[in-house]
Amino acid sequence: MMKTIKFNEPFLAGNELKYLKDVFRQDHFYGNGKYTRLCAEFIRKKLSVENVLITDSCTSALEIAALLMRETGQEQEIILPSYTFSSTASAFARAGFKLVFAEIDPKTMMMDVRDVREKFTQNTAAVVVVHYGGYCAEVNEFRALCDANEVYLVEDAAQAFNCFLNNKALGTIGDFGCFSFHETKNVHAGLSGALIIKDNSFVNRATYIWERGTNRQDVLKGLANKYSWVEIGGSFYPTELQTAFLYAQLEALERNIEERKVIYDEYKIGLAPLKLAGVVYYPEFHVDYKSNYHAFFVVFNSESKADQVREFLRARNVHAYIGYIPLHSSPVGLKMGYEINSLPITEKYSKRVLRLPLHNKLTLTQVAGIVDLIKGCI
Ligand SMILES: *Cc1c(COP(=O)(O)O)cnc(C)c1O
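Just so it is clear, the model here is predicted, and its values are computed rather than measured. (Residues numbered from 1 in each chain as written. Predicted model: local features only at pLDDT ≥ 70, side-chain atom pairs only at ≥ 80, totals over all residues. Heavy atoms only, no water.)

On to the domain arrangement of the protein, then. If you check the domain split of the protein, you get domain 1 (16-251) and domain 2 (253-377). Measuring from the centre of the C-alpha atoms in domain 1 to the corresponding centre in domain 2 gives 26 Å. Listed as interface residues are 41 residues of domain 1 and, on the opposing side, 36 residues of domain 2. Buried surface at the junction of domain 1 and domain 2, both sides included, amounts to about 3,400 Å², of which 58% is carbon and sulfur. Linking domain 1 with domain 2 are one salt bridge, by the criterion used here. Measuring nitrogen to oxygen at the nearest pair gives 2.7 Å for the salt bridge that ties K46 to E254. Linking domain 1 with domain 2 are 26 residue pairs in polar contact (both at pLDDT 80 or more), by the criterion used here. For the side of domain 1 that touches domain 2, the secondary structure elements donating two or more residues are helix 2 (34-47), helix 4 (86-94), strand 3 (98-102), strand 8 (164-165) and helix 9 (240-251). Looking at which element gives the most residues to the side of domain 1 that touches domain 2, the answer is strand 3, with four residues. In terms of residue class, the side of domain 1 that touches domain 2 is made up of 23 nonpolar, 12 polar and six charged. (Domains from an automatic or database assignment. Contact = heavy atoms within 4.5 Å. Buried area = accessible area lost by both parts, 1.4 Å probe. Salt bridge = Lys/Arg side-chain N within 4 Å of Asp/Glu carboxyl O. Polar contact = N/O pair within 3.5 Å; in protein donor to acceptor, adjacent residues only side chain to side chain. Helix = DSSP H or I, 4+ residues; strand = E, 2+ residues; numbered from the N terminus. Nonpolar A, V, L, I, M, F, W, Y, C, P; charged D, E, K, R; others polar.)

Right, let's get into the nonpolar core. Counting residues in hydrophobic clusters, the biggest one holds 129 residues, and the most contacted among them are I43, F92, Y267, L271 and L313. Here this core gets eight residues from one element, more than from any other, and that element is helix 3 (residues 58-69). Both domain 1 (16-251) and domain 2 (253-377) contribute no fewer than three residues apiece to this core. For F92, the contacting residues outside a window of four places in its chain are L62, A66, M69, I78, F97, L99, V128 and V154. (Core = buried A, V, L, I, M, F, W, Y, C linked by side-chain atoms within 4.5 Å. Buried < 20%, exposed > 50% of the residue type's maximum accessible area, 1.4 Å probe, protein only.)

So, about the packing of aromatic side chains. A complete count under the given rule lists 26 aromatic pairs for this structure. Seen in terms of ring centroids, F101 and Y338 are 5.0 Å apart; in terms of plane orientation they differ by 65 degrees. Their pairing is edge-to-face. You can see F101 sitting in strand 3 and its partner Y338 sitting in the loop between helix 12 (331-335) and helix 13 (344-350), a full 237 residues away along the chain. For F101, a relative accessible area of 2% gives the class buried. Ring plane angle 55 degrees and centroid distance 5.3 Å describe the contact between F176 and F202, whose orientation is recorded as tilted. Pair noted here: F176 is in strand 10 (residues 176-180) and F202 is in the loop between strand 11 (193-197) and helix 7 (203-210), with a separation of 26 residues, a long-range link. F176 gets classed as buried once you look at its relative accessible area, which sits at 0%. F202 gets classed as buried once you look at its relative accessible area, which sits at 10%. A connected cluster of aromatic rings, assembled from ring pairs, spans Y83, Y132, Y135, Y264, Y267, Y282, F285, Y289, Y293, F296, F297 and Y324. Taking NZ or CZ as reference, R316 lies 3.7 Å from the ring centre of F312, over its face. (Phe/Tyr/Trp six-rings, centres within 6.5 Å; stacked < 30°, edge-to-face > 60°. Lys NZ or Arg CZ within 6 Å of the ring centre and 35° of its normal.)

Turning our eyes to something else, we now look at the site of the ligand. Taken together, 14 residues lie near the ligand, and T59, D156, Q159, S180 and K185 sit nearest. Bound to the protein, the ligand loses 93% of the 380 Å² it would expose on its own. Split by residue class, the shell around the ligand holds five nonpolar, seven polar and two charged. (Near = heavy atom within 4 Å. Areas by Shrake-Rupley, 256 points an atom, 1.4 Å probe, with all protein chains shown as cover.)

If you want it as structure tokens, here you go:
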């Protein structure tokens with residue numbers, strides 16, 4: 001019997017404790033201090049962007065984006081995939097947007113541009129695109145579509161930190177880009193995230209919302225002499241303890257990705273015969289694209305085969321996952337009036353996905369063992 005292979009193990013860079021100790025020396029814990037600034041500066045340089053807010057999660061980054069776009073009293077719709085994590089939808093539903101779920105393209109498991117185009121109405125205010133598993137959604141096509149219709153584009157780039165399409169970072173193509181530094185992502189702080197804001201005119205409001213709705217920033221900069229309540233905000237930033245941890249992780253970003261690439265390639269080469277035989281499918285990277293190798297997933301040619309392999313692996317202590325459960329047919333989605341058959345492609349293909357273990361503690365021998373188990377089970 002194999003030793004348990006977990007789906008994910010949190011990455012550790014090495015300098016986390018050193019920087020945490022420095023936070024104790026600084027005697028400043030609550031956030032928006034030295035390490036929050038260092039993380040923001042790192043991301044600014046790395047992704048060549050101007051406006052970065054470090055948040056306590058990707059969920060919070062999405063919530064800030066939603067609050068910035070919301071015009072009270074107006075009917076506003078957002079188009080998003082059903083095949084995503086609950087946060088992508090919750091953030092906009094809570095702010096008062098009507099959710100319009102779009103289909104995925106089964107070749108990528110990401111949102112289908114044609115279906116989105118058909119779902120535009122005069123109330124469409126934004127499109128939220130999700131980059132799944134280290135792959136890149138058709139973000140340039142969505143950008144063009146949003147520009148033509150004068151609506152916002154939001155990138156849920158939770159899984160896509162440090163991915164580049166034609167040398168442009170994912171998360172910086174939309175009007176807003178949201179990253180996650182949850183421990184299940186490549187680099188993390190337990191929980192944390194970041195919001196990228198393209199339009200400078202949003203930055204002040206975003207900062208107020210980020211900081212509990214106050215203009216405390218302006219007081220610190222000497223622009224106001226006492227602070228007031230200026231926005232309906234939240235407590236959206238992380239503590240210095242989190243950002244000190246995160247900064248150590250960011251410094252190890254390239255090593256994190258190199259290690260993951262080796263594992264990704266081992267899966268890809270090992271499972272190529274099954275792809276050739278048409279049993280599984282996995283997308284390939286475009287030549288102009290640089291991935292962060294966040295995940296390796298396969299789509300089986302039937303739901304029963306996906307279940308069979310998942311259970312076979314589970315019985316041998318290998319934890320592989322199904323991926324997302326569609327949102328339109330979830331309890332909340334059904335309450336919103338969706339039916340299971342509203343999005344047949346999403347419903348069908350989501351049941352065929354298997355996400356394989358991928359983390360930096362995985363050895364190539366283990367990966368080869370997983371590949372052999374899958375081949376042996378088919
Ligand atoms: C992980 C994830 C989130 C949530 O990120 P948090 O940092 O945990 O809030 C949102 N969207 C997608 C696509 C994710 O993968």
